[in-house]
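Each chain, letter by letter, is given below.
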Amino acid sequence: MREIAWLAGIGVGNIYNYFKNKDELFREVVSPVLCAFEVILQAHHGGGEDVLMMRSEKYLKECVDEYISLIDKHRPLMEILLFKTQGSLLEHFRDCYADRSTELVKMWFASMQKKHPEINTAVSDVIIHLHTVWMFTMFEELLMHSVPRQEMEAILHDYILFEIQGWKAVIKI
(Lines give C-alpha, C1' and ligand atoms only; values in the text may rest on other atoms or scores of the structure.)
Protein backbone atom coordinates (compact mmCIF):
# COMPACT_ATOMS: atom_id res chain seq x y z
CA MET A 1 0.00 0.00 0.00
CA ARG A 2 2.89 2.33 0.79
CA GLU A 3 4.43 1.74 -2.64
CA ILE A 4 1.13 2.42 -4.39
CA ALA A 5 0.59 5.57 -2.36
CA TRP A 6 4.14 6.73 -3.08
CA LEU A 7 3.72 6.07 -6.83
CA ALA A 8 0.40 7.95 -6.79
CA GLY A 9 1.92 10.81 -4.81
CA ILE A 10 -0.59 10.54 -1.97
CA GLY A 11 -0.59 9.38 1.64
CA VAL A 12 -1.40 5.76 2.44
CA GLY A 13 -4.58 6.72 4.26
CA ASN A 14 -5.72 8.73 1.27
CA ILE A 15 -5.93 5.55 -0.85
CA TYR A 16 -9.04 4.60 1.11
CA ASN A 17 -10.77 7.72 -0.22
CA TYR A 18 -10.69 5.98 -3.60
CA PHE A 19 -10.96 2.30 -2.67
CA LYS A 20 -12.93 0.66 0.15
CA ASN A 21 -10.24 -1.95 0.84
CA LYS A 22 -7.17 -3.72 -0.53
CA ASP A 23 -9.24 -6.24 -2.49
CA GLU A 24 -11.07 -3.47 -4.34
CA LEU A 25 -7.75 -1.84 -5.18
CA PHE A 26 -6.27 -5.19 -6.24
CA ARG A 27 -9.26 -5.90 -8.49
CA GLU A 28 -8.84 -2.47 -10.09
CA VAL A 29 -5.15 -3.12 -10.73
CA VAL A 30 -5.84 -6.41 -12.54
CA SER A 31 -9.11 -5.27 -14.17
CA PRO A 32 -7.59 -4.97 -17.68
CA VAL A 33 -6.72 -8.68 -17.75
CA LEU A 34 -10.02 -9.64 -16.10
CA CYS A 35 -11.84 -7.75 -18.85
CA ALA A 36 -9.67 -9.37 -21.53
CA PHE A 37 -10.56 -12.86 -20.26
CA GLU A 38 -14.23 -11.89 -20.23
CA VAL A 39 -14.02 -10.63 -23.82
CA ILE A 40 -12.48 -13.94 -24.91
CA LEU A 41 -15.17 -15.95 -23.14
CA GLN A 42 -18.01 -13.90 -24.62
CA ALA A 43 -16.47 -13.83 -28.11
CA HIS A 44 -16.13 -17.60 -28.30
CA HIS A 45 -19.12 -18.82 -26.37
CA GLY A 46 -21.41 -15.87 -25.79
CA GLY A 47 -23.37 -16.74 -28.88
CA GLY A 48 -21.30 -15.06 -31.58
CA GLU A 49 -19.31 -17.82 -33.25
CA ASP A 50 -20.67 -20.77 -35.13
CA VAL A 51 -19.29 -24.11 -33.98
CA LEU A 52 -18.39 -25.06 -37.56
CA MET A 53 -15.90 -22.18 -37.65
CA MET A 54 -13.68 -24.32 -35.43
CA ARG A 55 -12.81 -26.41 -38.52
CA SER A 56 -11.20 -23.51 -40.35
CA GLU A 57 -7.54 -22.45 -40.41
CA LYS A 58 -8.78 -18.88 -40.01
CA TYR A 59 -10.32 -19.77 -36.64
CA LEU A 60 -7.11 -21.46 -35.51
CA LYS A 61 -4.99 -18.45 -36.51
CA GLU A 62 -7.40 -16.01 -34.83
CA CYS A 63 -7.24 -18.00 -31.58
CA VAL A 64 -3.43 -18.09 -31.65
CA ASP A 65 -3.31 -14.35 -32.37
CA GLU A 66 -5.84 -13.69 -29.60
CA TYR A 67 -3.80 -15.59 -26.99
CA ILE A 68 -0.52 -14.00 -28.14
CA SER A 69 -2.13 -10.56 -27.93
CA LEU A 70 -3.47 -11.32 -24.45
CA ILE A 71 0.01 -12.24 -23.23
CA ASP A 72 1.69 -9.33 -25.04
CA LYS A 73 -0.72 -6.77 -23.60
CA HIS A 74 -1.19 -8.19 -20.12
CA ARG A 75 1.80 -10.36 -19.18
CA PRO A 76 2.56 -8.65 -15.82
CA LEU A 77 -1.12 -8.59 -14.85
CA MET A 78 -1.60 -12.20 -15.94
CA GLU A 79 1.34 -13.20 -13.77
CA ILE A 80 -0.25 -11.41 -10.82
CA LEU A 81 -3.68 -12.89 -11.49
CA LEU A 82 -2.45 -16.45 -12.06
CA PHE A 83 0.30 -16.62 -9.43
CA LYS A 84 -0.26 -14.00 -6.73
CA THR A 85 -3.91 -13.89 -5.70
CA GLN A 86 -3.62 -15.95 -2.51
CA GLY A 87 -5.60 -14.37 0.29
CA SER A 88 -7.52 -12.02 -2.00
CA LEU A 89 -11.06 -12.17 -3.31
CA LEU A 90 -9.57 -13.23 -6.66
CA GLU A 91 -7.90 -16.30 -5.15
CA HIS A 92 -10.50 -18.53 -6.81
CA PHE A 93 -10.70 -16.59 -10.08
CA ARG A 94 -9.75 -19.59 -12.25
CA ASP A 95 -12.33 -21.87 -10.63
CA CYS A 96 -15.07 -19.25 -10.89
CA TYR A 97 -14.14 -18.48 -14.49
CA ALA A 98 -14.11 -22.20 -15.36
CA ASP A 99 -17.52 -22.66 -13.73
CA ARG A 100 -18.99 -19.69 -15.62
CA SER A 101 -17.34 -20.88 -18.82
CA THR A 102 -18.85 -24.34 -18.37
CA GLU A 103 -22.35 -22.90 -18.06
CA LEU A 104 -21.87 -20.55 -21.00
CA VAL A 105 -20.44 -23.32 -23.21
CA LYS A 106 -23.37 -25.59 -22.32
CA MET A 107 -25.81 -22.87 -23.44
CA TRP A 108 -23.70 -22.25 -26.56
CA PHE A 109 -23.71 -26.00 -27.35
CA ALA A 110 -27.51 -26.04 -26.95
CA SER A 111 -27.85 -23.19 -29.45
CA MET A 112 -25.42 -24.92 -31.83
CA GLN A 113 -27.40 -28.18 -31.55
CA LYS A 114 -30.49 -26.33 -32.76
CA LYS A 115 -28.55 -24.75 -35.61
CA HIS A 116 -26.66 -27.94 -36.54
CA PRO A 117 -28.68 -30.97 -35.39
CA GLU A 118 -26.13 -33.32 -36.97
CA ILE A 119 -23.38 -32.48 -34.46
CA ASN A 120 -22.94 -34.10 -31.08
CA THR A 121 -23.11 -31.56 -28.29
CA ALA A 122 -23.65 -34.12 -25.52
CA VAL A 123 -20.34 -33.21 -23.89
CA SER A 124 -19.75 -33.84 -20.20
CA ASP A 125 -19.61 -30.79 -17.92
CA VAL A 126 -16.29 -32.14 -16.65
CA ILE A 127 -14.79 -32.10 -20.16
CA ILE A 128 -16.03 -28.54 -20.73
CA HIS A 129 -14.61 -27.48 -17.34
CA LEU A 130 -11.28 -29.20 -18.10
CA HIS A 131 -11.03 -27.27 -21.34
CA THR A 132 -10.91 -24.00 -19.38
CA VAL A 133 -8.61 -25.38 -16.69
CA TRP A 134 -6.19 -26.52 -19.42
CA MET A 135 -6.27 -23.03 -20.93
CA PHE A 136 -5.14 -21.51 -17.63
CA THR A 137 -2.49 -24.20 -17.20
CA MET A 138 -1.22 -23.44 -20.70
CA PHE A 139 -0.98 -19.72 -19.87
CA GLU A 140 0.79 -20.48 -16.60
CA GLU A 141 3.36 -22.68 -18.34
CA LEU A 142 4.05 -20.09 -21.04
CA LEU A 143 4.52 -17.38 -18.42
CA MET A 144 6.56 -19.45 -15.94
CA HIS A 145 8.99 -20.59 -18.61
CA SER A 146 9.24 -17.22 -20.39
CA VAL A 147 8.63 -18.91 -23.72
CA PRO A 148 9.89 -16.74 -26.62
CA ARG A 149 7.19 -15.35 -28.89
CA GLN A 150 8.01 -17.46 -31.98
CA GLU A 151 8.02 -20.65 -29.94
CA MET A 152 4.87 -19.47 -28.16
CA GLU A 153 3.06 -19.14 -31.48
CA ALA A 154 3.96 -22.73 -32.42
CA ILE A 155 2.94 -24.01 -28.98
CA LEU A 156 -0.36 -22.13 -29.09
CA HIS A 157 -1.05 -23.40 -32.61
CA ASP A 158 -0.58 -27.01 -31.51
CA TYR A 159 -2.45 -26.46 -28.24
CA ILE A 160 -5.50 -25.01 -29.98
CA LEU A 161 -5.32 -27.60 -32.74
CA PHE A 162 -5.26 -30.26 -30.03
CA GLU A 163 -8.27 -28.67 -28.32
CA ILE A 164 -10.16 -28.81 -31.58
CA GLN A 165 -8.97 -32.06 -33.15
CA GLY A 166 -6.97 -34.02 -30.58
CA TRP A 167 -3.73 -35.95 -30.94
CA LYS A 168 -4.84 -37.30 -34.30
CA ALA A 169 -4.39 -33.85 -35.85
CA VAL A 170 -1.26 -32.81 -33.97
CA ILE A 171 0.77 -35.90 -34.86
CA LYS A 172 -0.97 -36.29 -38.23
CA ILE A 173 -2.15 -39.88 -37.99
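Predicted model only: the values in this text are computed from it and were never measured. (Residues numbered from 1 in each chain as written. Predicted model: local features only at pLDDT ≥ 70, side-chain atom pairs only at ≥ 80, totals over all residues. Heavy atoms only, no water.)

Points about the nonpolar core
- In this structure, F37, Y67, M78, M135 and F139 are the most contacted members of the largest nonpolar core, which totals 36 residues.
- Ranked by residue count, the leading element in this core is helix α4 (residues 57-83), at 12 residues.
- Setting aside anything within four residues of it in sequence, one finds M135 in contact with F37, Y67, Y97 and Y159.
- Counting 6 residues, the second largest nonpolar core, distinct from the first, contains V51, W108, M112 and I128. (Core = buried A, V, L, I, M, F, W, Y, C linked by side-chain atoms within 4.5 Å. Buried < 20%, exposed > 50% of the residue type's maximum accessible area, 1.4 Å probe, protein only. Helix = DSSP H or I, 4+ residues; strand = E, 2+ residues; numbered from the N terminus. Contact = heavy atoms within 4.5 Å.)

Structural notes on the pattern of salt bridges
- If you walk through the whole model with that rule in mind, you get 9 salt bridges.
- Where K61 meets D65, a salt bridge forms, and the shortest distance between an N and an O atom there is 2.9 Å. With K61 and D65 both in helix α4, this residue pair falls 4 residues apart, about one helical turn.
- The class of D65 is partly exposed, set by a relative accessible area of 36%.
- Taken together, the shared-partner salt bridges in this structure form one network comprising D72, R149 and E153. (Salt bridge = Lys/Arg side-chain N within 4 Å of Asp/Glu carboxyl O.)

Here's the deal with α4
- Under the 1.5 Å per step criterion, the end-to-end length of α4 is only 32 Å for 27 residues, more than 12% shorter than the ideal 39 Å.
- Considering bend angle alone, the principal kink of α4 is centred on H74 and spans about 90°; proline P76 follows within four residues of it. (Expected span 1.5 Å × (residues − 1). Bend = angle between axes of the 7 residues up to and from the residue.)

Details of the packing of aromatic side chains
- Scanning the entire structure with this criterion turns up 9 aromatic pairs.
- Taken together, a centroid distance of 5.2 Å and an interplanar angle of 55° make the contact between F37 and F136 tilted. Linking F37 in helix α3 (residues 22-45) with F136 in helix α6 (residues 125-144), this pair joins segments that are 99 residues apart in sequence. Here F37 and F136 have matching classes, each one buried.
- Taken together through their ring pairs, the aromatic side chains of F37, Y67, F93, Y97, F136 and F139 make up a single cluster. (Phe/Tyr/Trp six-rings, centres within 6.5 Å; stacked < 30°, edge-to-face > 60°.)

Re unusual backbone geometry
- Phi at S146 is positive, roughly 45°, even though this residue is not glycine.
- By secondary structure assignment, the location of S146 is in the loop between α6 and α7 (149-165).

A short note on the environment of H131
- Here H131 is to be found in helix α6.
- In contact with H131, other than residues within four places in its own chain, are Y159 and E163.

Section: the side chain of H44
- When you line up the elements, H44 lands in helix α3.
- Overall, the relative accessible area of 10% leaves H44 in the buried class.
- At 3.4 Å, the side chain of H44 and the side chain of Y59 are in polar contact.
- A distance of 2.5 Å separates the side chain of H44 from the side chain of E66, its partner in a polar contact.
- Sequence-distant contacts of H44, that is, excluding residues within four places in its chain, are made with E49, Y59, C63, E66 and W108. (Polar contact = N/O pair within 3.5 Å; in protein donor to acceptor, adjacent residues only side chain to side chain.)

Considerations on α3
- Its 24 residues place the ends of α3 32 Å apart at the C-alpha level, agreeing with the 34 Å of an ideal helix rising 1.5 Å per residue.
- Most pronounced at V30, the bend in α3 amounts to some 60°, and the proline P32 follows within four residues.
- Residues L25, F26, V30, V33, L34, A36, F37, I40, L41, H44 and H45 constitute the buried set of α3.
- Those residues of α3 that are buried lie in contact with α1 (2-8), α2 (12-15), α4, α5 (93-115) and α6.
- The N-cap residue of α3 is N21: its side-chain oxygen and the backbone nitrogen of D23 are 3.1 Å apart.

Just geometry here; none of it tells us what the structure is for.
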